[in-house]
Amino acid sequence: MTTAPPDRSAERSPTTAAASGGLSTETALRLHDLMLRSRVLEERLITMYKQGDGYFWIGGPGEEAFNVPLGLLVDKGQGLDHDYLHLHYRSSGTLLAMGADPIDSLRQMKNTASDPYSKGRNFAGHYSVRKWNVAPVSSPIEVQYSIAIGTAQAQTKKGTKGITIVQGGDAGTAEGDFATCLVWSSRKGRELPILIIVTNNKFGISTPYEGQHGESRIADRGKAFGMQTATIDGNDPETSFHALKKAIDYVRTERKPYLLEAMVSRLHGHSSASGANFVKDEVDCLTRFEQRLEEKKVLSRAQMDEMRAKYTQEFLTASQKVREEPQPKAETIWDHVFADKNYVGGEN
Ligand SMILES: Cc1ncc(C[n+]2csc(CCOP(=O)(O)OP(=O)(O)O)c2C)c(N)n1
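Since the model is a prediction, treat every value here as computed from it, not as a measurement.

Okay, the packing of helix H1 (residues 25–50) against helix H9 (residues 301–323) next. Two elements in contact, H1 and H9, have axes separated by 9 Å at closest approach and are oriented at 40°. Between H1 and H9, the crossing angle belongs to the class labelled oblique. In this structure, the crossing between H1 and H9 has a hand that is right-handed. Each of Leu36, Arg37, Val40, Leu41, Arg44 and Met48 in H1 lies in contact with H9, whose residues at this interface are Met307, Arg308, Tyr311, Thr312, Phe315, Leu316 and Ser319.

And the structure:
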């Protein structure tokens, strides 16, 4: 399968025209293509789960407008000179924007031996890519916030331009790991280059955000630690793109933490545990963005429908291929459990 979104810029009007507020037409098209691709990928994963080609689904429909710009803006690479990503289980848009092959997400859903993220061990959305510094996604929520301190400290010690980016949900910020991250990243004179992201979809599993938080904005908690903070509409790709760029530039240049809260939607509920059906009363970032692109005559409805049909067919074909791929062999059960080398220390 191809990983790079097709370049369709030549099909349309001047490429530098503002397609959507402050975004160039090229960027708007790139964001749209990746958001759509991520959405269709998640729909395929849900279908696979419902057809018995997987045991559990959890993923990112509703977070694309934020997660795709994030993937486009990171400094991708291996080692301390590049950015480290400690993501959560809704980060498919970020991975696709970084150039991940969507078929690999299907492989993880089907738990095939060819799954590059966990070799068939973990369930959907648990990405792990050493060559891009994507640390393994953890099922126990929010632990990534304390793990992220380690890569940020290593980057500081080595004096690199790389930064650490950590992301998790709103409910998990009630846990100690989040507080640990705030404390360790902001010690005076020893600040760490961490972009701390909270994607706030206003729910834990079934616990509503209202009633669980004394603060009205999670980002405000960073102020007590002297951090730069922002709360943004994460359903708007343009807002997200600019806010992420500003935050990433700040952390990279100042070598200090930044707490960014993005309000997002949860478009298929929490996971397969809550049915994974489409939720109609939440803002759909893709629908909203497509309406804007249509109004600005950047893309027609027919073009977008055609793209969706193409991706739907592409992922259906990919899921049929994955169904034929073997599961891990029983004798490999102890493989990939513990690291056999000090990879962070540079052993390869
Ligand atoms: C340490 C831990 N406690 C509880 C759970 C069960 N659990 C899984 S997802 C989830 C909700 C997390 O909500 P939030 O942090 O807001 O992220 P969201 O899933 O909404 O993106 C919970 C409680 C878990 N996986 N790990």
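Attention now moves to the site of the ligand. Taken together, 14 residues form the shell around the ligand, and within it Pro140, Gly169, Ala171, Gly172 and Gly204 come nearest. Here the residues of the shell around the ligand are counted per class, giving five nonpolar, seven polar and two charged.

Formed by 82 residues in total, the largest nonpolar core has its most connected members in Leu45, Leu195 and Leu260. Ranked by residue count, the leading element in this core is H1, at 12 residues. Beyond its immediate stretch of four places on either side in the chain, Leu45 contacts Trp57, Gly59, Ser105, Leu106, Met109 and Ala124.

Of note, the phi angle at Asn111 is positive, near 55°, even though the residue is not glycine. The residue Asn111 is located in the loop between helix H4 (102–110) and helix H5 (143–158) in this model.

Reading the values: rules and limits
Residues numbered from 1 in each chain as written. Predicted model: local features only at pLDDT ≥ 70, side-chain atom pairs only at ≥ 80, totals over all residues. Axes fitted to C-alpha atoms, helices over the stretch in contact; angles between N-to-C directions. Helix = DSSP H or I, 4+ residues; strand = E, 2+ residues; numbered from the N terminus. Parallel < 35°, antiparallel > 145°, perpendicular 65-115°, else oblique. Left-handed = near helix turned anticlockwise from the far one by under 90°. Contact = placed C-beta atoms within 7 Å. Near = placed C-beta within 6 Å. Nonpolar A, V, L, I, M, F, W, Y, C, P; charged D, E, K, R; others polar. Core = buried A, V, L, I, M, F, W, Y, C linked by C-beta atoms within 7 Å. Buried ≥ 20, exposed ≤ 12 C-beta atoms within 10 Å, placed from the backbone.

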